[in-house]
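Coordinate inspection notes
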Amino acid sequence: MSTSARSRTRALLDAALPPPGEPRLLALSWLVKTVGSGLYLTTSTLFFTRVVGLPVHQVASGLTVAGIVALAGAVPLGRLADRFGPRRTYTVLLGVQFATMAALAFARTFPAFLALILVFLLAEQGSTAARGALVATVGEGAVGVPPREGVRAWGRVRLRAYLRVVTNIGITVGAAASALVIQADTEAGYVALLWCTALTYPGAALPLRWLPARETRPAGKAERTGSGWQVLRDRRYAAVTLICGVLSLQAQVLSFAVPLWVLQHTEAPPVLVSGIVAVNTVMVICLQIRFSRGAEDDRRAARMCRNSGIALLAACALVAFTGGMGGWQATVLLLLFAAALTFGELWLSAGSFGLSFNLAPEGMHGQYQGFFSLGRGAATAVAPALIALLCLGDHPREGWLALGALFAAAGAAAPLTLRVRGVGVREPSLSSAAK
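Reference entry: report on the structure contained in this document. Here the structure is a predicted model, which means the values were calculated and not measured.

When its secondary structure is counted, the chain shows 18 helices and 0 strands. A buried classification covers 49% of the 435 residues belonging to the chain. The contacts of the chain with a sequence gap of at least 6 include a subset with a gap of at least 24, amounting to 84%. Accessible area for the chain stands at about 19,000 Å²; split by element, carbon and sulfur atoms hold 67% of it.

This next bit is on the pattern of salt bridges. Across all of its chains, the model carries 5 salt bridges by this definition. For Arg-50, the salt bridge identified is with Asp-185, shortest N-O distance 3.3 Å. You can see Arg-50 sitting in helix α2 (residues 22-51) and its partner Asp-185 sitting in the loop between α8 (179-184) and α9 (187-205), a full 135 residues away along the chain. Judged by its relative accessible area of 53%, Arg-50 falls in the exposed class. Note on Asp-185: relative accessible area 33%, which makes it partly exposed. A salt bridge links Glu-124 to Arg-131; its shortest N-O distance comes to 3.7 Å. In this structure Arg-131 comes out as buried when scored by relative accessible area, which is 12%.

Two measures define how a pair of helices packs: the angle their axes make with one another and the distance between the axes. The geometry of α2 relative to helix α5 (residues 86-104) is characterised by a closest axis approach of 13 Å and an angle of 25° between their N-to-C directions. The angle between the axes of α2 and α5 places the two elements in the roughly parallel class. Of the two possible hands of crossing, α2 and α5 adopt the one that is left-handed. Residue-level contacts link Ser-29, Lys-33, Tyr-40, Phe-47 and Phe-48 of α2 to Tyr-90, Leu-94, Gln-97, Met-101 and Leu-104 of α5. Tallied by class, residues from the contact of α2 with α5 come to 7 nonpolar, 2 polar and 1 charged.

Summed over all chains, the structure comprises 13 aromatic pairs. Pairing Phe-120 with Tyr-201 gives two aromatic rings, centres 6.0 Å apart and planes at 80°, and the pair type is edge-to-face. Of this pair, Phe-120 sits in helix α6 (residues 110-138) while Tyr-201 sits in helix α9, and the two are 81 residues apart along the sequence. Tyr-201 matches Phe-120 in its accessibility class, with the two residues each being buried. Taking the centre distance of 5.9 Å and the plane angle of 25° together, the rings of Phe-291 and Phe-343 count as stacked. Pair noted here: Phe-291 is in helix α13 (residues 272-291) and Phe-343 is in helix α15 (residues 327-358), with a separation of 52 residues, a long-range link. Overall, the relative accessible area of 16% leaves Phe-291 in the buried class.

Taken together, the side chains of Leu-28, Leu-31, Ile-169, Val-173 and Ile-285 make up a nonpolar region of the molecular surface, amounting to roughly 360 Å² of accessible area. For Ile-285, the position within the fold is in helix α13. Residue Ile-285 is classed as partly exposed on the basis of its relative accessible area of 31%.

This next bit is on the nonpolar core. Within the largest apolar cluster, 51 residues are counted, with the highest numbers of intra-cluster contacts made by Leu-334 and Trp-400. Sorting the residues of this core by element identifies α11 (235-247), α12 (249-265), α13, α14 (298-320), α15, α16 (365-391) and α17 (396-417) as the ones contributing at least two each. Not counting residues within four places of it along the chain, the set of residues in contact with Leu-334 comprises Trp-261, Val-262, Thr-266, Ala-268, Leu-272, Ile-276, Val-319 and Thr-322.

Rules of the game
Residue positions within a chain follow its written sequence, with the count starting from 1. Side-chain atom pairs in this predicted model are given and counted only at pLDDT of 80 or more, local residue features only at pLDDT of at least 70, and totals for whole chains, interfaces and linings cover all residues. Think of the side-chain values as coming from all heavy atoms in the structure, minus any hydrogens and water. The numbering of helices and of strands both runs from the N terminus, where a helix is a DSSP run of H or I of at least 4 residues and a strand a run of E of at least 2. For every residue, the accessible area obtained with a 1.4 Å probe (protein chains only) is divided by the maximum for its type, and the residue is called buried under 20%, exposed over 50%, and partly exposed between those limits. The criterion used for residue contact is that any of the two residues' heavy atoms lie within 4.5 Å. Here, Shrake-Rupley sampling with a 1.4 Å probe gives the accessible areas, and only protein chains in the shown set may cover a residue. Every case where a carboxyl oxygen of Asp or Glu lies within 4 Å of a side-chain nitrogen of Lys or Arg is listed as a salt bridge. Angles shown run from 0 to 180 degrees and are taken between the N-to-C directions of axes, each axis being a line fitted to C-alpha atoms and, for helices, limited to the stretch in contact. Any angle that is under 35 degrees is reported as roughly parallel, and any over 145 degrees as roughly antiparallel; angles of 65 to 115 degrees are reported as roughly perpendicular and all others as oblique. By definition, turning the near helix anticlockwise from the far helix through less than a right angle yields a left-handed crossing, and turning it clockwise yields a right-handed one. Under the grouping applied here, Gly and all other residues not named as nonpolar or charged are polar, the nonpolar ones being Ala, Val, Leu, Ile, Met, Phe, Trp, Tyr, Cys and Pro and the charged ones Asp, Glu, Lys and Arg. Each Phe, Tyr or Trp ring (for Trp, its six-membered ring) is paired with any other whose centre lies within 6.5 Å, and the angle between the two planes then decides the class: stacked below 30 degrees, edge-to-face above 60, tilted in between. Without a salt bridge and with relative accessible area above 30%, a residue can belong to a patch; like charges are then joined within 9 Å and nonpolar side chains (Val, Leu, Ile, Met, Phe, Trp, Tyr) within 5 Å. In this description, a nonpolar core means a group of buried Ala, Val, Leu, Ile, Met, Phe, Trp, Tyr and Cys residues linked to one another through side-chain atoms lying within 4.5 Å.

The following block contains the structure:
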């Protein structure tokens, strides 16, 4: 390869990748972690039922109970990230997840499964908070950390958007890698895959060794910002968390409602389920960074959440009329539904990234990100029952339209939250409003 070709290749890679150093190391860690998530999401239920020997209802109830209980650890573990530094806290929690995932390979009773999965999900909740705080320190605007000379700076929102693209790539790679094990359907294969999943956690921790072990605030900031549980008194942040939690029900529409709807309520070909997921994945990978531009501004981020609600209303309206429709007509509408749902997802991700970072005081990103994760966690817990009642029940068309109206109402409320007075949070400036 000629020198000019190498230079052009390197320039393209530099344009597509985060800046060298901390952002790129964080992206590598994120990729390894999400490959493990792809392995786990596609095979965990099969492992628990076929290898551990648990009935499906016990697996479902255990995961539900453990997931709800684990939500209680989000804010306390986020506070640890503020106190001891997000890198150190995240690394420890990755170690806990490695130990519990490895131990699950030997679990053969329901009590052992429940205890281990509870610890695992508790560590996952803390990891979410610590990762959010880590993005805040690595991204542009981290307190006391100016960009290095010669290295272009990426804002927190743009870096988080890029990491979401990495998430989709990693989960896709992990899911594809697990296909052979699922096809073989052997106990040895599932156990080996669980061990491989466990090893991704120390693998994700390895690149973090080269990140500075700094806190999310300068020394002495804690005493000036008030209570260590400040997020629990911040009404504005609570409102944003609730709104984004409601809008995040769209993720469960894709993973829970779409397969059942396509197979049981339409005449579209079953393979369309995979097609809808493929459309969603490709759009997120190609468009997430572009859709996140401008989300550093509070008002623009709030408008993105409003746009998300409108797009999700359109998606629900489209799918509502596919019930009993002929194969090709249903296919066309469902592909349009997939695009509208993904537009809603793209705007929601961008808006939630911006608001969750912008409205959090410096030095408290751990506890604030932990609190923000409660919205999505609660939505994940209630989504199956709510979606089954509304969209898969006796009156699905009306149910889909009601769900769409809920999305639209939540999105419309997002700009109004900026008028709510926060606790220790800056008010939106007139300059930002004019942008």
